[in-house]
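In case you want the letters, here they are:
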Amino acid sequence: MKSFTNLEQAWQQQSGKGAQRPMPEQLMLLSEEQAKQVKAKFRWTIGLLSLTVYILITYFATYAGFSFTTFSIGLLLMIGSLAIRIVLEWISTLQFQQLDRLVDFSTFLQQSTAFYSKRRILHLVITPLLYATYIIGFVLLLPVFKQEFSNGVYLYFVFSGFGSLGVLAWFIYKANRKELAVLKKLQREAL
């Protein structure tokens, strides 16, 4: 994560000799700026997931009714997996806000390492399970789509659906790698 690297470099320059060191006020401003960027990423993630849940709930209420069919179970799996992810992102936002950027660097490093270690569990265990649940939900919708739509529309749903899931998997993978790289860097710094 570029923002942590910038903050770390500024912090290490503070104890360096010779070159002009950043003032504590500059470090505070840099820390606040980077905290805003991370919070904005959390808000965007929560917002996009919430929009998707809203669309799925609207679709569920319009077409699935409240009967337990394969179609409604598929939609409920999709909605449930996204809702759980929204709650987990919201919890992460609250935990991130609890990081005290005013403490000494080693304490901040410990707090950040603990935060990103929890995020690691989210990325390596919970996210793949939720993603798999979402895919299962989507697959449960396909027989109904095949029955209700023409072959061309059905193939469009299949290819665009799995294509979108593939692109989403790539974005999730890239975001996870960035956060895991931050954790590794923090762990190296802590040694």
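Look a little higher up for the structure.
Below you will find a few notes about this structure.

Conventions and cut-offs
Residues numbered from 1 in each chain as written. Predicted model: local features only at pLDDT ≥ 70, side-chain atom pairs only at ≥ 80, totals over all residues. Heavy atoms only, no water. Helix = DSSP H or I, 4+ residues; strand = E, 2+ residues; numbered from the N terminus. Buried < 20%, exposed > 50% of the residue type's maximum accessible area, 1.4 Å probe, protein only. Contact = heavy atoms within 4.5 Å. Phe/Tyr/Trp six-rings, centres within 6.5 Å; stacked < 30°, edge-to-face > 60°. Salt bridge = Lys/Arg side-chain N within 4 Å of Asp/Glu carboxyl O. Patch = residues over 30% accessible without salt bridge, like charges linked within 9 Å, V, L, I, M, F, W, Y side chains within 5 Å. Areas by Shrake-Rupley, 256 points an atom, 1.4 Å probe, with all protein chains shown as cover. Lys, Arg positive; Asp, Glu negative; His and termini not counted. Charge placed at Lys NZ, Arg CZ, Asp CG, Glu CD.

### Considerations on the overall build of the protein
Counting its secondary structure elements, the protein contains 5 helices and 0 strands. The linear arrangement of helices and strands in the protein, starting from the amino end, is α-α-α-α-α. Evaluated residue by residue, the protein yields a buried proportion of 33% over its 191 residues. Partitioning the contacts of the protein with sequence separation of at least 6, the portion at a separation of at least 24 is 70%.

### Some remarks on the packing of aromatic side chains
Under the criterion given, the structure shown has 12 aromatic pairs. Judged by centre distance (6.1 Å) and plane angle (70°), the ring pair of Phe71 and Phe145 falls under edge-to-face. With Phe71 in helix H3 (residues 70–97) and Phe145 in helix H4 (residues 105–148), this residue pair connects regions lying 74 residues apart in the sequence. Residue Phe145 is classed as buried on the basis of its relative accessible area of 7%.

### Regarding the pattern of salt bridges
Applying the stated criterion across every chain yields a total of 3 salt bridges. Between Glu89 and Arg85 there is a salt bridge; the shortest N-O distance is 2.7 Å. Placement of the pair is Glu89 and Arg85 together in helix H3, with a separation of 4 residues, close to one helical turn. Each member of the pair, Glu89 as well as Arg85, carries the same accessibility label: buried. In this structure, the salt-bridge partner of Glu89 is Arg119, at a minimum N-O distance of 3.1 Å. Within this pair, whereas Glu89 is found in helix H3, its partner Arg119 is found in helix H4, the two being separated by 30 residues in sequence.

### Some remarks on a positive patch on the surface
Taken together, the side chains of Lys41, Arg120, Lys174, Arg177, Lys178, Lys184 and Arg188 define a basic patch exposed on the protein surface. Ranked by residue count, the leading element in the positive patch is helix H5 (residues 151–190), at 5 residues. The residue Arg120 is located in helix H4 in this model.

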